[in-house]
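Okay, here's what each chain looks like letter by letter:
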Amino acid sequence: MSEALLICTRCSTWTPASPSSSRCPTCQGPLIWHGGERFQRSMIDPAFPGVWRYWQGMPRSPDDAVTLGEPMTPLVPVTINRSTALAKLDGLLPTGSFKDRGATQLVSFLKAERVKRIVEDSSGNAAASMAGYAARARIGCEVYAPAAASPGKLVQAAAFGAKVTRIEGNRDDVARAAESAAEIPGNAYATHNWHPFFIEGVKTWAYEVWEQLGFAVPDVVVAPAGSGSVVLGAWRAFSSLYASGEIDAIPRIFAAQAAACAPLVTALTHDQEETVPFTRTASLAEGIMIANPVRGRELLTALRGSRGGAIAVTEDELTTALLDLARQGIYVEPTSAVAAAGYRKLITEGRLSSTARTVLVLTGNGLKATSAIEELV
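Residues numbered from 1 in each chain as written. Predicted model: local features only at pLDDT ≥ 70, side-chain atom pairs only at ≥ 80, totals over all residues. Heavy atoms only, no water.

Chemist: What exactly am I supposed to notice about the overall build of the chain here?
Modeler: Counting secondary structure elements, the chain contains 12 helices and 13 strands. A compact globule built from 377 residues would reach a C-alpha radius of gyration of about 21 Å, and the chain, at 19 Å, matches this within 12%. Across the 377 residues of the chain, 59% fall into the buried class. Excluding contacts between residues fewer than 6 apart, the proportion of contacts in the chain whose partners are at least 24 apart in sequence is 69%. Within the structure as shown, the chain displays about 14,300 Å² of accessible surface, and the carbon and sulfur contribution to it stands at 51%. Taking the 35 positively charged and 36 negatively charged side chains of the chain as two groups, their mean positions are separated by 2 Å. (Helix = DSSP H or I, 4+ residues; strand = E, 2+ residues; numbered from the N terminus. Rg over C-alpha atoms; globule rule 2.2 N^0.38 Å. Buried < 20%, exposed > 50% of the residue type's maximum accessible area, 1.4 Å probe, protein only. Contact = heavy atoms within 4.5 Å. Areas by Shrake-Rupley, 256 points an atom, 1.4 Å probe, with all protein chains shown as cover. Lys, Arg positive; Asp, Glu negative; His and termini not counted. Charge placed at Lys NZ, Arg CZ, Asp CG, Glu CD.)

Chemist: Sorry if this is basic, but what is going on with helix H11 (residues 334-348) here?
Modeler: For an α-helix the count is 3.6 residues per turn, leaving residues at separations of three or four pointing the same way. Taking 1.5 Å per residue, 15 residues should reach 21 Å; H11 reaches 21 Å between its end C-alpha atoms and fits that length. Counting buried positions over the 15 residues of H11 gives 12, a clear majority of the element. Those residues of H11 lying buried are Pro334, Thr335, Ser336, Ala337, Val338, Ala339, Ala340, Ala341, Gly342, Tyr343, Lys345 and Leu346. Positive backbone phi, approximately 80°, marks Gly350, located one or two places after H11. (Expected span 1.5 Å × (residues − 1).)

Chemist: What exactly am I supposed to notice about the pairing of strand S5 (residues 83-89) here?
Modeler: Every other side chain in a regular strand lies on the same face of the sheet, so the side chains alternate between the two faces. Buried residues dominate S5, accounting for 6 of its 7 residues. Pairing analysis gives 6 bridges linking strand S4 (residues 75-80) to S5, with the strands arranged antiparallel. For Val78, the partnering residue across the bridge sits in S5 and is Ala85. Between S4 and the antiparallel strand that follows it, S5, lie 2 residues; Asn81 among them carries a positive phi value of about 50°. Bridge analysis of S5 against strand S13 (residues 358-362) gives 4 bridges, and the strand direction is parallel. Across the sheet, the residue bridging to Leu86 is Val359, located in S13. (Pairing = 2+ DSSP bridges.)

Chemist: Would you take a moment to explain the packing of helix H1 (residues 99-112) against helix H2 (residues 125-137) for this structure?
Modeler: The geometry of a pair of packed helices is captured by two quantities: the angle between their axes and the separation between those axes. The interhelical angle for the contact between H1 and H2, taken along N-to-C directions, is 40°, at an axis separation of 9 Å. Relative to H2, H1 is oriented oblique. Here H1 runs over H2; the crossing is right-handed. In this structure, H1 uses Lys99, Asp100, Ala103, Thr104, Leu106, Val107 and Lys111 to contact H2, whose residues at the interface are Asn125, Ala126, Ser129, Met130, Tyr133, Ala134 and Ala137. Tallied by class, the residues present in the contact of H1 with H2 amount to 8 nonpolar, 3 polar and 3 charged. (Axes fitted to C-alpha atoms, helices over the stretch in contact; angles between N-to-C directions. Parallel < 35°, antiparallel > 145°, perpendicular 65-115°, else oblique. Left-handed = near helix turned anticlockwise from the far one by under 90°. Nonpolar A, V, L, I, M, F, W, Y, C, P; charged D, E, K, R; others polar.)

Chemist: Which parts of the structure should I look at to understand the packing of aromatic side chains?
Modeler: Here a ring pair, both rings aromatic, is described through the centre-centre distance and the interplanar angle of the planes. One pass over the structure, following the stated rule, counts 8 aromatic pairs. Relative to Trp210, the ring of Phe39 has its centre 6.3 Å away and its plane inclined at 80°; by these criteria the two rings are edge-to-face. Taken together, the positions of Phe39 in the loop between strand S3 (31-33) and S4 and Trp210 in helix H6 (residues 204-212) put the pair 171 residues apart, joining distant regions of the chain. Accessibility assignment for this pair places Phe39 and Trp210 in one class, buried. (Phe/Tyr/Trp six-rings, centres within 6.5 Å; stacked < 30°, edge-to-face > 60°.)

Chemist: What's the story with the nonpolar core in this structure? I'm lost.
Modeler: Formed by 75 residues in total, the largest nonpolar core has its most connected members in Ile118, Trp205 and Phe238. Of all the elements, helix H7 (residues 229-243) adds the most residues to this core, at 7 residues. Once residues lying within four places of it in the same chain are set aside, the contact partners of Ile118 are Leu110, Met130, Ala134, Ile139, Gly140, Cys141, Glu142, Ala188 and Ala190. (Core = buried A, V, L, I, M, F, W, Y, C linked by side-chain atoms within 4.5 Å.)

Chemist: I would appreciate a short explanation of the pattern of salt bridges in the present structure.
Modeler: Side chains that differ in sign of charge can pair as their charged atoms come close. The full count for this structure, using the stated rule, is 18 salt bridges. Two residues, Arg41 and Glu246, come together in a salt bridge whose shortest N-O distance is 2.9 Å. Here Glu246 lies in the loop between H7 and strand S11 (252-258) and Arg41 lies in the loop between S3 and S4, a separation of 205 residues in the sequence. Here Glu246 falls in the buried class, since its relative accessible area comes to 16%. A salt bridge links Glu200 to Arg236; its shortest N-O distance comes to 2.9 Å. Of this pair, Glu200 sits in helix H5 (residues 196-202) while Arg236 is found in helix H7, placing the two residues 36 residues apart along the sequence. According to the relative accessible area criterion, Arg236 is buried, its value standing at 18%. Look at the salt bridges and you will find they share partners, linking Arg10, Glu274, Arg297 and Glu298 into a network. (Salt bridge = Lys/Arg side-chain N within 4 Å of Asp/Glu carboxyl O.)

Keep in mind these values describe shape, not function.
Have a look at this one:
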């Protein structure tokens, strides 16, 4: 297939995609794939059951796919404080989280580029996902994770054959350790936070919702946001459908964050163009504890451009939502429950109508966080 091109979201520098092209060579800013600006139903490939059915809107083709058979995940109704929403159950993907959408796309590219060993930094889900797909591709994998990360996710990565290194300190310390390891000859820094191909895979959840709703879109989307690939994926996917005339309007996108780490909420509240480092405190929502997302500017653009916003929830609100979902048979990790808690709070504060057709993206399986949930029940 033709060479994929990337463009910097800050200085508009063009660069060809390569295993080392995680950042702009000119300004070190984040890159985005130049492609997929339009998508229509005729581009869906029915030969594939899930993520890869949308390959014509993604950088990689299925000819060289590294896949675990990623299915189309269910969209089921849930009741939150007497209001009904639709839950997108991405915790049912092969390794147990939405990260599989990005991993199948990114690892497919890395394998095609003959990469032999990848380095990833993650609090857990991305570690497990990238390790699983690296194992499938027979690529070596090193994972750097916070020392306090959930054991279940890192055990999963280790079971896939990854070398797991726990780093004392915060999420930024982990990233620095991974970047240092990636400088060793033969290693490629396959960070899900920076590489644009990861977002292109993640956006398929929005295409699935569009298809599941009979080629229509919801009024509102609420998703947990740390690095924000679910939010940016939604913005990329819905914008491409709008540009093709497939939909009349882009859904309002809301980022749900833990009050313990809410840089997007702060930036929107103070009308900032960029996020700034947030002083974190402890939270059950470990998967979104990103003090200053590398794509903060793009996230704010997506939230404002969709007429959405961001909402911060307390630990008590998160816990209530988690158990509320569980009592309906929906078992998710605490990070996912932030979306349900955010939905409840948006309605309570009058920012969202209870009659709006809303999709909650539930990003990870509850089995990922057994020890944390055990303390709650």
